[in-house]
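Next come the chains, spelled out residue by residue.
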Amino acid sequence: MAKRVRKDPLIWGVILIIVGVLFLLKVDIWYVLAHFWPVILIIWGAFKLYYGLIERKEEPGTEISQE
């Protein structure tokens, strides 16, 4: 059985870099989070959906029919 590679560490790395840059720029991180949390949820959901569809295509026998 093939070992699954998780992409979550990559996403968390990007999030940590963005938060670090915001702190360096002295941006009020709590203001940004308070006003843009729905956007963060939408982006997170889009990533999960995208990677889920990719994994589904890679698994044998679960191909999406194009009828």
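Preceding block: the structure.
Keep in mind it's a predicted model, so treat the numbers as computed, not measured. (Residues numbered from 1 in each chain as written. Predicted model: local features only at pLDDT ≥ 70, side-chain atom pairs only at ≥ 80, totals over all residues. Heavy atoms only, no water.)

**Let's talk about the overall build of the protein chain**
Using the following cut-off: Secondary structure follows DSSP: runs of H or I at least 4 residues long count as helices, runs of E at least 2 residues long count as strands, and numbering of each begins at the N terminus. Residue exposure ignores everything except the shown protein chains as possible cover, and the areas themselves are Shrake-Rupley values with a 1.4 Å probe.
Summing up its helical and strand segments, the protein chain has two helices and zero strands in all. For the protein chain, the exposed surface amounts to about 6600 Å²; the carbon and sulfur share of it is 70%.

**Considerations on the packing of aromatic side chains**
To be explicit about the condition: Between rings of Phe, Tyr and Trp, where Trp is taken as its six-membered ring, a pair exists when centres lie within 6.5 Å; planes separated by under 30 degrees are stacked, by over 60 edge-to-face, and by other angles tilted.
According to the stated counting rule, one finds two aromatic pairs in the structure shown. A ring pair is formed by Y50 and Y51, whose centres lie 5.4 Å apart and whose planes are at 65°; its orientation type is edge-to-face. Taken together, the aromatic side chains of F47, Y50 and Y51 make up a single cluster linked through ring pairs.

**Considerations on a nonpolar patch on the surface**
Cut-off, in case you're wondering: Patch rule: a residue counts if its relative accessible area is over 30% and it has no salt bridge; like charges are joined within 9 Å, and nonpolar side chains (Val, Leu, Ile, Met, Phe, Trp, Tyr) within 5 Å. For salt bridges, the criterion is a side-chain nitrogen of Lys or Arg within 4 Å of an Asp or Glu carboxyl oxygen.
Taken together, the side chains of F36, V39, I43 and F47 present a nonpolar region at the surface, about 350 Å² in accessible area. Counting through the fold element by element, F36 comes out in helix α2 (residues 29–58).

**A closer look at unusual backbone geometry**
The backbone of K26 shows a phi angle near 60°, a positive value even though the residue is not glycine. Examined against the element boundaries, K26 turns out to sit in the loop between α1 (8–24) and α2.

**Quick notes on α2**
Note the following rule: Multiply 1.5 Å by the residue count of a helix minus one, and that product is the helix's expected span. What we call the bend at a residue is the angle made by axes fitted to the seven residues finishing there and the seven residues starting there.
Over its 30 residues, α2 runs only 38 Å from end to end, short of the ideal 44 Å by more than 12%, given 1.5 Å per residue. Where α2 bends most, the angle comes to about 70°, and this point is F36, followed within four residues by the proline P38.

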